[in-house]
Amino acid sequence: MLKDKVLEALQTVKDPEIDSISIIELGMLEELDITPEGVSIKLLPTFMGCPALEIIRKNVITAVSQVEEAENITVQFIFHPPWTSDRVTKIGRERLKEFGIAPPPRHIAETGEWEADCPYCGSTYTTLENLFGPTACRSILYCKSCKNPFEAMKPVSTLM
Amino acid sequence: MTHTLVDALKDECYHNSAIELLFQLADDDFILSYRGSEWLGLAPHIEEDVAFSSISQDTMGHAAMFYQLLQDLGAGDADELAHVRSAGERKNAVLLEKVNGLGTYLAEPHYDWAFAVVRNYFYAQAKKIKIESLKNSSYQPLAEAAVKVSMELYYHLLHWKTWFTQLMDAGGEARTRMESAIKIVLDDLDGLFSLGNSGPELTKHSLIDSEDTLRAAWVNRMSPVFESVNFNIPEKFGMKNGNGRNGEHTVDLKSALDILGEVYNLDPAASW
Ligand SMILES: [Zn+2]
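Structural notes, computed from the coordinates.

What counts and how
Residues numbered from 1 in each chain as written. Chains lettered and ligands numbered in written order. Predicted model: local features only at pLDDT ≥ 70, side-chain atom pairs only at ≥ 80, totals over all residues. Heavy atoms only, no water. Helix = DSSP H or I, 4+ residues; strand = E, 2+ residues; numbered from the N terminus. Rg over C-alpha atoms; globule rule 2.2 N^0.38 Å. Buried < 20%, exposed > 50% of the residue type's maximum accessible area, 1.4 Å probe, protein only. Contact = heavy atoms within 4.5 Å. Areas by Shrake-Rupley, 256 points an atom, 1.4 Å probe, with all protein chains shown as cover. Lys, Arg positive; Asp, Glu negative; His and termini not counted. Charge placed at Lys NZ, Arg CZ, Asp CG, Glu CD. Pairing = 2+ DSSP bridges. Axes fitted to C-alpha atoms, helices over the stretch in contact; angles between N-to-C directions. Donors = N, O, S within 2.8 Å, 3.2 Å for Na, K, Ca; no water. Buried area = accessible area lost by both parts, 1.4 Å probe. Salt bridge = Lys/Arg side-chain N within 4 Å of Asp/Glu carboxyl O. Polar contact = N/O pair within 3.5 Å; in protein donor to acceptor, adjacent residues only side chain to side chain. Nonpolar A, V, L, I, M, F, W, Y, C, P; charged D, E, K, R; others polar.

Notes on the overall build of chain B
In step 1: The secondary structure content of chain B amounts to 11 helices and two strands.
In step 2: Along chain B, from the amino end to the carboxyl end, the secondary structure elements read α-α-α-α-α-β-β-α-α-α-α-α-α.
In step 3: In terms of C-alpha radius of gyration, chain B reaches 18 Å, essentially the compact-globule figure of 19 Å for 272 residues.
In step 4: Taken over 272 residues, chain B has a buried fraction of 56%.
In step 5: For chain B, the proportion of contacts with a sequence separation of at least 24, taken over those separated by at least 6, is 77%.
In step 6: Carbon and sulfur atoms form 54% of the exposed surface of chain B, whose accessible area is close to 11500 Å².
In step 7: Here chain B holds 23 positive side-chain charges and 40 negative ones, and the gap between their average locations is 4 Å.

Shown next as structure tokens:
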């Protein structure tokens with residue numbers, strides 16, 4: 001089926017900044033609509049000002065264009081529903097760890113504080129060094145067990 | 001009553017009010033993001049440089065989204081709305097257009113970090129309160145966007161609050177400089193809550209809460225923080241340099257727009 005082929009193509013589109021994880025595994029795909037008019041893809045940006053969005057749009061069009069019957073491909077970024085970090089899939093969480101990035105914590109304390117386990121040794125003995133990492137969606141932490149600095153994907157929820 | 005884009009396009013009075021509010025929101029984020037970007041390479045340390053530019057990038061993303069909502073309402077092309085409008089057409093609060101300090105980005109910048117911390121913290125809290133109000137806005141596309149902005153803003157607020165309390169608690173020169181920065185910011189703080197001449201219309205259409213409600217919520221949220229750092233805030237805030245919502249601005253905005261315009265006019269098609 002065309003839809004499966006398009007999904008397969010989307011699976012090859014990686015986050016330009018974390019090339020082990022696909023945009024599907026990140027939970028960015030909200031809608032895939034195939035009609036006689038063409039293929040319409042709606043994506044949720046992880047962060048609004050993310051400079052990688054245009055690159056992702058281009059890569060999606062390139063990848064889906066490889067599918068023979070796919071024509072008239074449109075990619076739209078929408079804000080509703082909002083992307084939240086619990087949209088990262090189970091496989092996605094594993095892929096992040098492979099890349100050395102702790103997956104977004106599932107629990108946020110009422111004070112807004114959160115903890116992430118070390119992606120290298122699994123230790124919970126970590127401290128938050130800098131809320132803002134190299135990109136908007138990541139923070140920098142330090143593991144007191146294996147003494148490695150590491151990044152974690154920030155938890156983002158509608159409760160914030 | 002909830003208004004979709006289609007509803008808003010059918011009701012002229014509502015349409016005008018929605019546009020008015022969106023210009024205020026977009027212009028606020030646009031100019032403060034620009035002032036933030038001027039700090040690049042000048043923040044107290046490398047980690048702060050990374051954090052501040054990340055925040056400015058988020059903020060520019062919010063401005064771009066508000067300009068997009070304006071474009072959807074037929075107010076013009078989003079990029080042009082951001083870059084081509086003159087100072088007199090801008091609706092941002094004057095507090096946000098003020099220069100970062102003496103000197104310019106290129107020539108001998110002597111920027112004031114205390115002022116940056118206070119301005120950004122007070123603004124982030126005011127924006128958070130507005131955004132929470134906007135989650136219940138009658139204009140559905142704005143209410144939806146507010147949910148997304150709120151999540152990112154949460155981290156900005158946390159960041160600036162940490163700086164604020166640490167510098168206030170540090171005593172000595174830090175405390176003195178923070179207190180003078182607070183004085184300067186309070187002199188124009190009311191401009192953040194102002195909804196301009198059309199304020200009553202905006203509230204009547206349930207687009208956003210009234211100025212008084214927004215201001216009271218800010219005071220309510222900030223009071224415990226001020227208390228924790230032993231600082232008394234005055235009962236009243238000022239709008240010393242004019243009300244930006246009504247197009248009143250300082251020379252600082254004009255010179256910022258001239259620089260931004262120069263860059264934009266080099267290549268209007270470039271993506272920003
Ligand atoms: Zn470790």
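Text resumes after the structure shown.
Some details on the sheet that holds strand 3 (residues 29-35) of chain A
Residues and elements named next belong to chain A.
In step 1: The three strands are arranged 3-4-5 in an open sheet whose pairing can be described as mixed. Two strands in the sheet have a free side with no partner beyond their single neighbour: strand 3 and strand 5 (73-77). Recorded for the sheet is a direction-independent mean angle of 15 degrees between the axes of neighbouring strands.
In step 2: When strand 4 (residues 38-43) meets strand 5, the two strands line up parallel, connected through five bridges. Across the sheet, residue Leu 43 finds its bridge partner in strand 5, namely Phe 77.
In step 3: Contacts between helix 1 (residues 2-11) and the sheet are confined to strand 3 and strand 4, with strand 3 contributing the most and set at about 140 degrees to the helix.
In step 4: Relative to strand 5, helix 2 (residues 53-65) is tilted by about 155 degrees, and along the sheet it contacts strand 4 and strand 5.

Remarks on the coordination of the zinc ion
All names here are of chain A.
In step 1: Within the first shell, the zinc ion binds the protein through Cys 118 (SG), Cys 121 (SG), Cys 143 (SG) and Cys 146 (SG), at distances of 2.3 Å.
In step 2: Mapped onto the sequence, the residues coordinating the zinc ion show the spacing C-x2-C-x21-C-x2-C. Residue Cys 118 is located in the loop between strand 6 (101-102) and strand 7 (126-130), and its partner Cys 143 is located in strand 8 (residues 138-143); the two are separated by 25 residues in the primary sequence.
In step 3: Residue classification places Cys 143 among the buried residues on the basis of a relative accessible area of 0%.

As for the interface of chain A and chain B
In step 1: In this assembly, 28 residues from chain A lie in contact with 25 residues from chain B.
In step 2: Carbon and sulfur atoms make up 67% of the area that chain A and chain B hide from each other, which totals about 2100 Å².
In step 3: Looking at the side of chain A facing chain B, the largest losses of area belong to Met 48, Phe 132 and Met 160 of chain A, adding up to 36% of the total buried there.
In step 4: Where chain A touches chain B, the interface holds zero salt bridges.
In step 5: Run the count over chain A and chain B and you get eight residue pairs in polar contact (both at pLDDT 80 or more).
In step 6: Of the residues belonging to the side of chain A that touches chain B, the class tally is 16 nonpolar, 11 polar and one charged.

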